[in-house]
Amino acid sequence: MKHLIGRFVMISLTKFDMLSDYLNFQFDVQGKPIKGFCMRIQDDFHETYAVIVDGYHSFCVWTDSSSTWRISKNASVEPTVLQRIIAELSTSKQGSLV
């Protein structure tokens, strides 16, 4: 029984850690509602996030060695939407998305 409790606690902590690398967002850009989420991806070289936005193809954003945000080639979101997502990530990075 004690062994099972130890496993349960370990699983629970893993789920909790994953939640700190996850960000829901919802906002309007020029009257258009934008809704989606970002999830941090394990990357040994950059701080990388998968971005899923309703109505768009998923894409990745990351910060390079100079702390500049970069975006994957297949991203087809409007620049204002992208700027808002990066602003959300930058703000959250200071809090829970570390």
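Read on for a plain summary of the structure. (Residues numbered from 1 in each chain as written. Predicted model: local features only at pLDDT ≥ 70, side-chain atom pairs only at ≥ 80, totals over all residues. Heavy atoms only, no water.)

Examining the overall build of the chain
- The helix and strand tally for the chain stands at two helices and five strands.
- Helices (α) and strands (β) of the chain occur, in sequence order from the N terminus, as α-β-β-β-β-β-α.
- By residue count, 29% of the 98 residues in the chain fall in the buried class.
- Long-range pairs, those at least 24 residues apart, make up 27% of the contacts in the chain between residues at least 6 apart in sequence. (Helix = DSSP H or I, 4+ residues; strand = E, 2+ residues; numbered from the N terminus. Buried < 20%, exposed > 50% of the residue type's maximum accessible area, 1.4 Å probe, protein only. Contact = heavy atoms within 4.5 Å.)

A few points about the pairing of strand 2 (residues 32-41)
- Summarising the sheet, strand 1 (residues 22-29) and strand 2 pair through eight bridges and their orientation is antiparallel. Bridge pairing in strand 2 places glutamine 26 opposite lysine 35.
- Where strand 2 meets strand 3 (residues 47-53), six bridges bridge the pair, whose relative direction is antiparallel. Paired with glycine 36 across the bridge in strand 3 is valine 53.
- If you look at the hairpin formed by strand 2 and strand 3, you'll find five residues sitting between the two strands. (Pairing = 2+ DSSP bridges.)

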